[in-house]
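Residues per chain, in single letters:
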Amino acid sequence: MQKGNLTREEAIAIVGLDSVEKAENENCEPTNRVGYNGACQGDELIEWSAGAVAKDQDGTEVVVKVYYYTTQDEIDAAGDDLSNVDWVISGYEVF
């Protein structure tokens, strides 16, 4: 099951645009969740995420996370430079 069930707009409503953009601009790292399927047509996906500390509307400190999913083929095709991957945000999470 993929994480990041919030849209960008929903995350912005919770923590604000600056915090969402901060998370989006962080380098993502693999989460070690690999090879699960779900609605991915049987493709094995690698989960990546980046996050930033933020405050929600009530002033409570939270973390906003951005999730990306790639295939191993995409990573292999990037060679030694992961900036060659087409990083598309799959979803957001605030906790």
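A. Broad picture of the packing of aromatic side chains. Tallying each qualifying case throughout the model produces two aromatic pairs. Their ring planes at 75° and their centres at 5.0 Å tell us that Trp-48 and Trp-87 sit as a pair that is edge-to-face. Of this pair, Trp-48 sits in strand 2 (residues 45-55) while Trp-87 sits in the loop between helix 3 (72-78) and strand 4 (89-94), placing them 39 residues apart in sequence. On the basis of relative accessible area, Trp-87 is assigned to the partly exposed category, the value being 26%.

B. View of the pairing of strand 2. Among the 11 residues in strand 2, eight count as buried, and that is most of the element. With 10 bridges connecting them, strand 2 and strand 3 (residues 61-70) associate as antiparallel partners. Looking across to strand 3, one finds that Ala-54 is bridged to Val-62. Here strand 2 hands over to strand 3 after five residues, with Gly-59 in that stretch at a positive phi of 85°.

C. Focus on the pattern of salt bridges. Following the criterion strictly, the structure yields two salt bridges and no others. Of the charged contacts, one joins Arg-8 and Glu-21 as a salt bridge, the two residues approaching to 3.9 Å between their closest N and O atoms. Of the two residues, Arg-8 is situated in helix 1 (residues 8-15) and Glu-21 in helix 2 (residues 17-25); the sequence distance between them amounts to 13 residues. Accessibility expressed as a relative area gives 31% for Glu-21, which makes it partly exposed. Exposure remark for Arg-8: the relative accessible area of 29% places this residue in the partly exposed category. It is possible to trace a salt-bridge network through shared partners that takes in Arg-8, Glu-21 and Glu-24.

About the cut-offs
- Residues numbered from 1 in each chain as written.
- Predicted model: local features only at pLDDT ≥ 70, side-chain atom pairs only at ≥ 80, totals over all residues.
- Heavy atoms only, no water.
- Phe/Tyr/Trp six-rings, centres within 6.5 Å; stacked < 30°, edge-to-face > 60°.
- Helix = DSSP H or I, 4+ residues; strand = E, 2+ residues; numbered from the N terminus.
- Buried < 20%, exposed > 50% of the residue type's maximum accessible area, 1.4 Å probe, protein only.
- Pairing = 2+ DSSP bridges.
- Salt bridge = Lys/Arg side-chain N within 4 Å of Asp/Glu carboxyl O.

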